[in-house]
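What follows is the residue order along each chain.
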Amino acid sequence: MKTILLALAALAPVVGQAQEAKTCIAGLPAETRCYTGQDARGAYYWIAIPKQWNGALVVHSHGGPSMKAPAPDDSASDLKRFAVTVAEGFAWAGSSYHHAGYGVRDAAADTDRVRAIFWNRFGRPRITLLHGQSWGANVAAKAAELHGRDSGGRLVYDGMLLTSGVLAGGSRSYDMRVDLRAVYQYYCNNLPAPGEPAYPLWQGLDAATPLPAREVETRLNQCTGINLAAAQRSAAQQSALRNILAVTRLPERTLGSHLNWATTTFRDLVVRQLKGANPFTNIGVLYSGSDNDAALNQGVARFAASAQGVHELAFDSDLSGKLEIPTISIHAAGDPTVFVEGQSVFAQTVADAGASNLLVQAFTTEQEHSKLATPQYAAVLRALTDWIDKARRPSPATLAASCEEARAQYGERCYFDAGYRAAPWDTRVYPRTRPSISP
């Protein structure tokens, strides 16, 4: 450790000349050093190195994707949210990604690029971990697949942490939002509204003149009164909201964010990323839970995915399951944004690839997505390091025990449920007829 710190101190003047030294955000350990810069593709990055550095690096892949152009301080919010990483002694590096919008492979390359920037400036750490949050878990897992070995065949990453992850692959992870897009239009009929230019619902919004996200939110509120107190909603609004929630099985508190994904993000994915090819289908879906299922299933818009659209989205985002490094995934059972049942898809994908020995899945009783209890991250980081260093594969029970040890330090309780297992995807999301994915 002393050797690592001395080497880092000797590099400081050189690093200061090569990239901008940045005042660290609040909430990091005292005397943490932060650096920012922009990579060769235009992505912005933040790097944080604690004074008591343990010689290990966590490379972070953020969620989203954001529809805003990348900005210099984008990664600062992720660093603040996961400041526990630095508190545990790890260096941290995160990229903004070099373009707005969808693109798992692009974001994976940006993630690996910030890893290379750190290595080039500070030397290769003792351990390098990937951490992907939400959609960033898809990005991190894809980075491990595509950039996991150097030109000499040596592993680049030593372990991976996936939190609240989108891990069922793009070809099925958005099924609930596909259903929301169709069901919403059936009940609300305002995206597009009568008299506006028509466009296919699977495209999200009009290709040429898309509505801004704030207008989508306004129309959602006009139809459902979701931003009003329940007593202030009209009978029509109450009926629309009740039916949409019952049929789509989405929580009310995140309905707006799901609709934003099903409109603004779908448009970016289809129009820009897939060049107009349709990856989404609701053919064969039998919707239920409404006050008139027969009328809904007869009247709801139906659309079939193209083989090209499904193939291209799968190529960009689906995972092979061929893990080569110890991987821990944690997910809240009540996640209102990314359904926990996607973990069952990931587990099966990994099992089919013969790599289940490298995956540990743990679950909590929380109802959160963006940030779980702090000592849980500490427990997982400690367990993942121990797995790498000492070949001690953790279990949900040992993670829960480790969390209790970290609890006093971070002042929050633990919520691990060692006995929980994610249910199959089709128990939460309607099964449908999909085109086969060509290899």
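Residues numbered from 1 in each chain as written. Predicted model: local features only at pLDDT ≥ 70, side-chain atom pairs only at ≥ 80, totals over all residues. Heavy atoms only, no water.

Draft legend 1. Structural detail: the overall build of the protein. Along the backbone of the protein there are 15 helices and nine strands. Scaling as 2.2 N^0.38, a compact globule of 439 residues should have a C-alpha radius of gyration of about 22 Å, and the protein matches this with 22 Å. Based on the C-alpha atoms only, the size of the protein along its principal axes is roughly 70 × 50 × 45 Å. Residues classed as buried in the protein amount to 55% of the 439 residues present. Partitioning the contacts of the protein with sequence separation of at least 6, the portion at a separation of at least 24 is 76%. Taking the average place of the 42 positive charges on the side chains of the protein and the average place of its 39 negative ones, the gap between the two points comes to 3 Å. (Helix = DSSP H or I, 4+ residues; strand = E, 2+ residues; numbered from the N terminus. Rg over C-alpha atoms; globule rule 2.2 N^0.38 Å. Buried < 20%, exposed > 50% of the residue type's maximum accessible area, 1.4 Å probe, protein only. Contact = heavy atoms within 4.5 Å. Lys, Arg positive; Asp, Glu negative; His and termini not counted. Charge placed at Lys NZ, Arg CZ, Asp CG, Glu CD.)

Draft legend 2. Local environment of the packing of helix α8 (residues 213–224) against helix α10 (residues 255–273). Two numbers describe how α8 lies on α10: the axes approach to 10 Å, and their chain directions differ by 125°. With respect to their mutual orientation, α8 and α10 come out oblique. The handedness of the crossing between α8 and α10 is right-handed. Along its contact with α8, which presents Ala213, Val216 and Leu220, the element α10 presents Leu255, Gly256, Leu259, Asn260, Thr263 and Thr264. When the residues that make up the contact of α8 with α10 are grouped by side-chain class, the tally is five nonpolar, four polar and no charged. (Axes fitted to C-alpha atoms, helices over the stretch in contact; angles between N-to-C directions. Parallel < 35°, antiparallel > 145°, perpendicular 65-115°, else oblique. Left-handed = near helix turned anticlockwise from the far one by under 90°. Nonpolar A, V, L, I, M, F, W, Y, C, P; charged D, E, K, R; others polar.)

Draft legend 3. Representation of helix α15 (residues 396–410) in the model. For α15, built from 15 residues, the straight-helix expectation of 21 Å at 1.5 Å per residue is met to within 8% by its first-to-last C-alpha distance of 20 Å. At Glu404, α15 shows its largest bend, some 30°. The set of residues buried in α15 consists of Pro396, Leu399, Ala400, Ser402, Cys403, Ala406 and Tyr410. Contact partners of the buried residues in α15: α3 (84–87), β8 (327–332), β9 (359–364) and α14 (374–390). Once α15 finishes, Gly411 follows within two positions and takes phi at roughly 70°, a positive value. (Expected span 1.5 Å × (residues − 1). Bend = angle between axes of the 7 residues up to and from the residue.)

Draft legend 4. Representation of the side chain of Gln343 within the structure. Along the chain, Gln343 turns up in helix α13 (residues 342–352). Residue class for Gln343 comes out buried when judged on its relative accessible area of 1%. Within polar-contact distance, the side chain of Gln343 engages the side chain of Ser329 at 2.9 Å. Beyond its immediate sequence surroundings of up to four residues, Gln343 is in contact with Gly165, Leu167, Ser329, His331, Gln361, Phe363 and Ala422. (Polar contact = N/O pair within 3.5 Å; in protein donor to acceptor, adjacent residues only side chain to side chain.)

Draft legend 5. Focus on the packing of aromatic side chains. By the definition in use, this model includes 12 aromatic pairs. Considering the side-chain rings of Tyr97 and Trp135, the 6.1 Å spacing of their centres and the 80° angle between planes classify their relative orientation as edge-to-face. One end of the pair, Tyr97, is in the loop between β5 (91–95) and α4 (104–122); the other, Trp135, is in helix α5 (residues 135–147), and 38 residues separate them in sequence. Since its relative accessible area comes to 4%, Tyr97 is described here as buried. Given a relative accessible area of 1%, Trp135 falls into the buried group. Ring geometry for Tyr102 and Trp135: centres 5.5 Å apart, planes at 50°, overall tilted. Pair noted here: Tyr102 is in the loop between β5 and α4 and Trp135 is in helix α5, with a separation of 33 residues, a long-range link. By relative accessible area, Tyr102 is classed as buried at 0%. Three or more aromatic residues joined by ring pairs form one cluster here, namely Tyr97, Tyr102, Trp135, Tyr174 and Trp261. Lying over the aromatic face of Phe315, Arg105 brings its terminal NZ or CZ to 3.7 Å of the ring centre. A cation over a ring is seen here: Arg115 above Trp119, with NZ or CZ 4.4 Å from the ring centre. (Phe/Tyr/Trp six-rings, centres within 6.5 Å; stacked < 30°, edge-to-face > 60°. Lys NZ or Arg CZ within 6 Å of the ring centre and 35° of its normal.)

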